[in-house]
Each structure stands twice: as structure tokens, then as C-alpha cells.
Amino acid sequence: MATATAQSRVLVVEDEETLLFTLAHNLKREGYAVITATRGDDALRLAREVQPDLIVLDLMLPGVDGMQVCRLLRRDMQVPIIMLTALGGEGDRVRGLDIGADDYIAKPFGMRELLARIRALLRRTTAGGAAPPAATLSSGDLALDPARREVRRAGKFIRLKPKEYDLLQFFVQHPARVFSREQILDEVWGLDFYGGPRTVDVHVRWLRQKIEDDPAAPERLRTIRGSGYLFEG
Ligand code: CA
């Protein structure tokens, strides 16, 4: 899995040559191994060949566009993806997150902000990253291992994306309490995240598909109409 060290491999997919050059230059200076692609189809091939630790993916690409690349990668890869877009509208952001991007940044963006987000994302996907609580957490048939960021349900390993894991851990640590979408955004995404409350809904939906017997009639992670969400535990 990824390590947030100088050896992390980052695949950068961007068709604007000047921006691609700038991104690659800055990432290399930070110590990352950088692989670049200017087309979506090349990105898909390289992602499978190189198995990068993180992908920075432009939305508008020739060949296969960024949304499609993201969707195709998500079928069989858990690699963290940061999407770049010139559009920046809430709808695009949510759609990007909906199809499996882990984070979203609108052009024009500051290089320092992008680098900070890359670091944060790698840290979250790295077992040995920021000091995790040591004990195993459990709730019903769910068992969470915060150190390894792994989840088992009835003994079977389930794969969660980084934010899905964060969200589940938050709920497991705070059962039987109603949280508004805004509170959940603050607690799980942090105050610097500028996505909207729909981001929470999207992740709740994904999580339900993995932890509920019937995701359409959730008994565990419940919607409290007009208030937010409650985890029964
Ligand atoms: Ca582009």
C-alpha cells in the first residue's frame, strides 16, 4: 500500500502541457516519483502498469475523459484520486466524488494547496501514517482496525475508500447520536474541505452498500429526516 515517503508514486494526468510540466516539476521537488500522461487511455494503461500510490486526474481530457477514467479505475483499483477541474461547480464536484474520486480541486489552484491535499490523502491511506488509535473498534458484526484502517464484517474483509473508512470509524465511535451533515463534514472532512453536505450523502450511500443487509432500507446507518444521520451501532 502507499507510503507517504519520498518514494510514493504519483500519476499525473493532464493534457495542458504547461500545467503538466509544472505539476510534475513540483511533485518531483517534493520527492515523489512522478509518472505523467496527457490522455485518458494512456492514464488507464499506466495506472495498471505502474500501480501508483495516488493519481492527480484532470477532468477534461482527450480520448477518455477524467470522469470515465475515474469510473473505470474504480472497478478494480482503490488508489486515491484527486480530480482537477476548470468547472468547479458544486454539481461537478459531487459527480466527481460520486464516481469515486477522493478529493476535488478547482482550477486555478495553488500548488501548495494541491501538495497539502496529496500529503493528506497519502497519510490517510497509509497504515503507518499519523498516530492512529491502537485498539480494535467493534460494533455488531463490524470490526475496525484503526492502525491498519481495515474493516471486517462478520469476519470478512470489506474494502472501503479512505473517506468511507473515516466516516465509518466516526460513526462507530459515536453511536446512537444524531449528527447533522455539517457536523459530519466538520468532524470527518475537516473545516478546510469546501464540498457541500451532498458529499456526506454520497459517502453514506456507499457505506450502506457495504455495511447494510439491505442498503435501500438501512437499519444500521439511519437517515433522521430533517436532522442528519444516526448510527445505531
Ligand atoms: Ca484538460
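Keep in mind it's a predicted model, so treat the numbers as computed, not measured.

An account of the packing of helix α1 (residues 17–29) against helix α5 (residues 111–124) is requested, with residue identities and associated values reported.
Running from N to C, α1 and α5 cross one another at 55 degrees; their axes reach a closest spacing of 11 Å. With respect to α5, the axis of α1 lies oblique. Judged by the sense of rotation from one axis to the other, the crossing of α1 with α5 is right-handed. For the pair formed by α1 and α5, the contact residues are Thr22, Leu23, Asn26 and Leu27 on the first element and Met111, Leu114, Leu115 and Ile118 on the second. Of the residues belonging to the contact of α1 with α5, the class tally is six nonpolar, two polar and no charged.

Explain the sheet that holds strand β2 (residues 33–37) to me, and be specific about the residues and the numbers.
Read across the open sheet, the five strands follow the order β2-β1-β3-β4-β5; overall the sheet is parallel. Both outer strands of the open sheet, β2 and β5 (103–106), are each paired with one neighbouring strand and no more. Between one strand axis and the next, the sheet turns by 20 degrees as a mean value, whatever way the strands run. Pairing of strand β4 (residues 81–85) with β5 involves four bridges; the strand directions are parallel. Within β5, the position partnered with Met83 by the bridge is Tyr104.

Mind laying out the packing of helix α7 (residues 181–189) against helix α8 (residues 198–211), listing which residues take part and the relevant values?
Closest axis-to-axis distance for the α7/α8 pair is 9 Å, and the angle between their directions is 75 degrees. Classified by the angle between their axes, α7 and α8 sit roughly perpendicular to one another. Residue-level contacts link Arg181, Ile184, Leu185 and Trp189 of α7 to Thr199, Val200, Asp201 and His203 of α8. Looking at the contact of α7 with α8 residue by residue, the class counts come to four nonpolar, two polar and two charged.

An account of the coordination of the calcium ion is needed here, citing residue identities and associated values.
Taken together, the protein ligands of the calcium ion are Asp15 (OD), Asp58 (OD) and Met60 (O), with distances of 2.1 to 2.3 Å. Mapped onto the sequence, the residues coordinating the calcium ion show the spacing D-x42-D-x1-M. Given the relative accessible area of 51%, Met60 is considered exposed.

For the side chain of Glu212, give the residues involved together with the corresponding values.
Tracing the backbone through its elements, the reader meets Glu212 in the loop between α8 and β11 (221–224). Among buried Asp, Glu, Lys and Arg side chains, Glu212 stands out as unpaired, with Arg208 the closest opposite charge at 4.8 Å. Here the side chain of Glu212 touches Glu219 through a polar contact of 2.9 Å, landing on its backbone nitrogen. With near-sequence residues (within four places) excluded, Glu212 lies in contact with Arg153, Pro218, Glu219, Arg220 and Leu221.

So what's going on with the confidence of the model for the protein? Which residues, and what values?
When pLDDT is averaged along the protein, the result is 85; 87% of the residues meet or exceed 70. Under a pLDDT of 50 for its full length, residues 1–6 has, in the predicted model, 16 contacts with residues more than four places off or in other chains. Across residues 128–133, confidence stays below pLDDT 50; counting only partners more than four residues off in sequence or on other chains, it has eight contacts.

Which residues make up the sheet that holds β11, and what values go with them?
Here three strands make up an open sheet; going across it, the order is β10-β12-β11 and the pairing antiparallel. Of all strands in the sheet, those bounded by a partner on one side alone are β10 (178–179) and β11. In this sheet, strand β12 (residues 228–231) lies alongside β10 in antiparallel orientation, the contact comprising two bridges. The partner of Phe179 across the bridge, within β12, is Tyr229. On the sheet, helix α6 (residues 162–173) packs against β10, β11 and β12 and is oriented at approximately 65 degrees with respect to β12.

The rules behind the values
Residues numbered from 1 in each chain as written. Predicted model: local features only at pLDDT ≥ 70, side-chain atom pairs only at ≥ 80, totals over all residues. Heavy atoms only, no water. Axes fitted to C-alpha atoms, helices over the stretch in contact; angles between N-to-C directions. Helix = DSSP H or I, 4+ residues; strand = E, 2+ residues; numbered from the N terminus. Parallel < 35°, antiparallel > 145°, perpendicular 65-115°, else oblique. Left-handed = near helix turned anticlockwise from the far one by under 90°. Contact = heavy atoms within 4.5 Å. Nonpolar A, V, L, I, M, F, W, Y, C, P; charged D, E, K, R; others polar. Pairing = 2+ DSSP bridges. Donors = N, O, S within 2.8 Å, 3.2 Å for Na, K, Ca; no water. Buried < 20%, exposed > 50% of the residue type's maximum accessible area, 1.4 Å probe, protein only. Lys, Arg positive; Asp, Glu negative; His and termini not counted. Salt bridge = Lys/Arg side-chain N within 4 Å of Asp/Glu carboxyl O. Polar contact = N/O pair within 3.5 Å; in protein donor to acceptor, adjacent residues only side chain to side chain. pLDDT = per-residue confidence, 0-100.

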